[in-house]
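Breakdown of the fold
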Amino acid sequence: MNPIDTLNLDARSLRVFIAVLDEGSVSRAAVRLGLSQSAVSHTLERLRQVLGDPLFVKSGRGIAPTRYALRVGPNVRQILDDLQALASGPPFEPGQAEFTFTIAANDYQRDLLLPPLAAALRTAAPGIHLQVIPSGIPSADMLRKDVCDLIISPHPPSASDIIQRRLLDDRMVMFYDARRRQPPATLAEYLQAHHIGIFFGAGERTALEGSLTARGLERKVDVTVSNFSGLPAFLQDSELIATAPSRMANQLLKPFATAPLPFDYKPFSLLMLWHQRNQDDPAHRWLRQQLVAVAEPLARQHP
């Protein structure tokens, strides 16, 4: 391989490389970047000549990265992140900022953490507006492709370019209408009881459901809803049981009785997740600090 002439590399070309690497498709990369397919193909061809490697080869109906492309991918991401940090400009002034910050969170995380965050922003940064979208079981691409700026979830995607920080812990408990029934006292009774299940919008199962299935266990699910907000109407005046985070006893599920699960199930942590390119961005860092401050008093309360 010939020595690489770094003067023939530029940030725009490297962004094209990363987009194709992430998307596994020239056409999808073109849509993501707002370019024509021919422009993306032309840039890839120039990179091939400069780097002395095919970078992507045909695989079935699509393309696949070469070993070299996979190896240099993290380095290219770091270069782009460093360039973004270099161009970040003057210190961040929250009171003068004007932008929308998008957070992906399901209704439990949303209702627990984001109303106090919105209140804090109205005081310290009235020009920053929150946009909240559902996260389901989040994927790394939600952050890579700027679908959102931050995710709050107990399910971190397995990806080296996603950074996480714990906000607080919680545990799953049973919720039920005490006027209609008593809670199951054993695992067998729990499995035989009638349950409300949760399958998020895209069809993802909760971690509890997956854990029971992995143990070869199955519970009776009479009703399935797409988020926690659907639980109260079905719990009210029924013998159904809902298994949900304990902190919801102070929120959506406050009218209902609670009981511990009659089997071992480990607590979980709510995490905030962001892409490494935003690690040193002053505005993003400030928003993360505000969210940590909102979560701290809740974290001190035993779930």
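In this report, the structure presented in the accompanying data block is examined. Owing to the predicted nature of the structure, the values given are computational and were not obtained by experimental measurement.

1. Notes on the side chain of Asp107
- Counting through the fold element by element, Asp107 comes out in helix α5 (residues 107-124).
- For the buried residue Asp107, which engages in no salt bridge, the nearest side chain bearing the opposite charge is Arg110, 4.9 Å off.
- Once residues within four sequence positions are removed from consideration, Asp107 is found in contact with Asn227, Phe228 and Ser229.

2. What about the sheet that holds strand β9 (residues 220-225)?
- Spatial ordering of the open sheet is given by β9-β8-β10-β7-β11, a layout of five strands whose pairing is mixed. Each of the sheet's edge strands pairs with one partner strand only, and the pair in question is β9 and β11 (257-260). If you compare each strand with its neighbour and ignore which way they point, the axes differ by 40° on average.
- With two bridges connecting them, strand β8 (residues 194-198) and strand β10 (residues 241-245) associate as parallel partners. In the sheet register, His195 faces β10, and the bridge partner there is Ile241.

3. Details of the sheet that holds strand β6 (residues 162-170)
- In space, the five strands of this open sheet follow the order β4-β3-β5-β12-β6, with mixed pairing throughout. Strand pairing shows two members of the sheet lacking a second neighbour, β4 (128-133) and β6, which therefore form its edges. Direction aside, the axes of adjacent strands within the sheet are offset by 25° on average.
- Packed onto the sheet, α5 meets β3 (99-105), β4, β5 (150-153), β6 and β12 (268-275) and runs at close to 175° relative to β4.

4. Observations concerning unusual backbone geometry
- Phi at Leu55 takes a positive value of approximately 70°, unusual for a residue other than glycine.
- Secondary-structure assignment places Leu55 in the loop between α3 (37-51) and β1 (56-59).
- Exposure remark for Leu55: the relative accessible area of 0% places this residue in the buried category.
- Located in the positive-phi region is Asp237, a residue other than glycine, with phi close to 60°.
- Mapped onto the elements of the fold, Asp237 is located in the loop between α9 (231-235) and β10.

5. Focus on the pattern of salt bridges
- Overall, the coordinates contain 17 salt bridges when judged by the stated rule.
- Of the charged contacts in the structure, one is a salt bridge between Asp111 and Arg110, with a shortest N-O distance of 2.7 Å.
- The partly exposed category is assigned to Asp111, whose relative accessible area is 31%.
- Judged by relative accessible area, Arg110 falls into the partly exposed class, the value being 31%.
- A salt bridge links Asp161 to Arg144, with the shortest nitrogen-to-oxygen separation between them at 2.8 Å. Taken together, the positions of Asp161 in the loop between β5 and β6 and Arg144 in helix α6 (residues 141-144) put the pair 17 residues apart, joining distant regions of the chain. Like Asp161, the residue Arg144 is buried in the burial classification.
- Via salt bridges that share partners, Asp22, Glu23, Arg28, Arg32, Arg77, Asp141, Arg144, Lys145 and Asp161 belong to a single interconnected network.

6. Quick look at helix α10 (residues 282-299)
- Its 18 residues give α10 an end-to-end C-alpha distance of 25 Å, which sits within 8% of 26 Å, the value for a rise of 1.5 Å per residue.
- The complete set of buried residues in α10 reads Pro282, Ala283, His284, Trp286, Leu287, Arg288, Gln290, Leu291, Val292, Val294, Ala295 and Leu298.
- Residues of α10 that are buried in the fold lie against β3, α5, β4, β5, β6 and β12.
- Near the N-terminus of α10, the side chain that reaches the backbone nitrogen of Ala283, with its oxygen 3.3 Å away, is that of Asp281.

7. Examining the nonpolar core
- In this structure, Leu113, Leu167, Phe175, Leu231 and Leu291 are the most contacted members of the largest nonpolar core, which totals 55 residues.
- Ranked by residue count, the leading element in this core is α10, at seven residues.
- If you look at the next biggest cluster of nonpolar residues, it comprises 21 residues, including Val20, Val26, Ala69 and Val76.

8. Brief notes about the packing of aromatic side chains
- The final tally for this structure, using the stated rule, is six aromatic pairs.
- A ring pair is formed by Phe92 and Phe99, whose centres lie 6.4 Å apart and whose planes are at 55°; its orientation type is tilted.
- Relative to Trp286, the ring of Phe92 has its centre 5.8 Å away and its plane inclined at 55°; by these criteria the two rings are tilted. Of the two residues, Phe92 sits in the loop between α4 (67-86) and β3 while Trp286 sits in helix α10, which places them 194 residues apart along the sequence.
- Given a relative accessible area of 14%, Trp286 falls into the buried group.
- Among the aromatic residues, those joined into a ring-pair cluster are Phe92, Phe99 and Trp286.
- For Arg288, the ring lying beneath its charged end belongs to Trp274, and the centroid distance is 4.3 Å.

9. A look at the packing of α5 against α10
- Where α5 meets α10, the closest approach of the two axes is 9 Å, and the angle between their N-to-C directions is 125°. Classified by the angle their axes make, α5 and α10 are oblique. Once α5 is placed against α10, the crossing between them reads as right-handed. The residues of α10 that touch α5, namely those facing Leu112, Leu113, Leu114, Pro116, Leu117, Leu121 and Ala124, are Trp286, Leu287, Gln290, Leu291, Val294, Ala295 and Leu298.
- Residues belonging to the contact of α5 with α10 are distributed by class as follows: 13 nonpolar, one polar and no charged.

Conventions and cut-offs
- Residues numbered from 1 in each chain as written.
- Predicted model: local features only at pLDDT ≥ 70, side-chain atom pairs only at ≥ 80, totals over all residues.
- Heavy atoms only, no water.
- Helix = DSSP H or I, 4+ residues; strand = E, 2+ residues; numbered from the N terminus.
- Buried < 20%, exposed > 50% of the residue type's maximum accessible area, 1.4 Å probe, protein only.
- Lys, Arg positive; Asp, Glu negative; His and termini not counted.
- Salt bridge = Lys/Arg side-chain N within 4 Å of Asp/Glu carboxyl O.
- Contact = heavy atoms within 4.5 Å.
- Pairing = 2+ DSSP bridges.
- Axes fitted to C-alpha atoms, helices over the stretch in contact; angles between N-to-C directions.
- Expected span 1.5 Å × (residues − 1).
- Polar contact = N/O pair within 3.5 Å; in protein donor to acceptor, adjacent residues only side chain to side chain.
- Core = buried A, V, L, I, M, F, W, Y, C linked by side-chain atoms within 4.5 Å.
- Phe/Tyr/Trp six-rings, centres within 6.5 Å; stacked < 30°, edge-to-face > 60°.
- Lys NZ or Arg CZ within 6 Å of the ring centre and 35° of its normal.
- Parallel < 35°, antiparallel > 145°, perpendicular 65-115°, else oblique.
- Left-handed = near helix turned anticlockwise from the far one by under 90°.
- Nonpolar A, V, L, I, M, F, W, Y, C, P; charged D, E, K, R; others polar.

As far as function goes, none of this settles anything; it's purely spatial.
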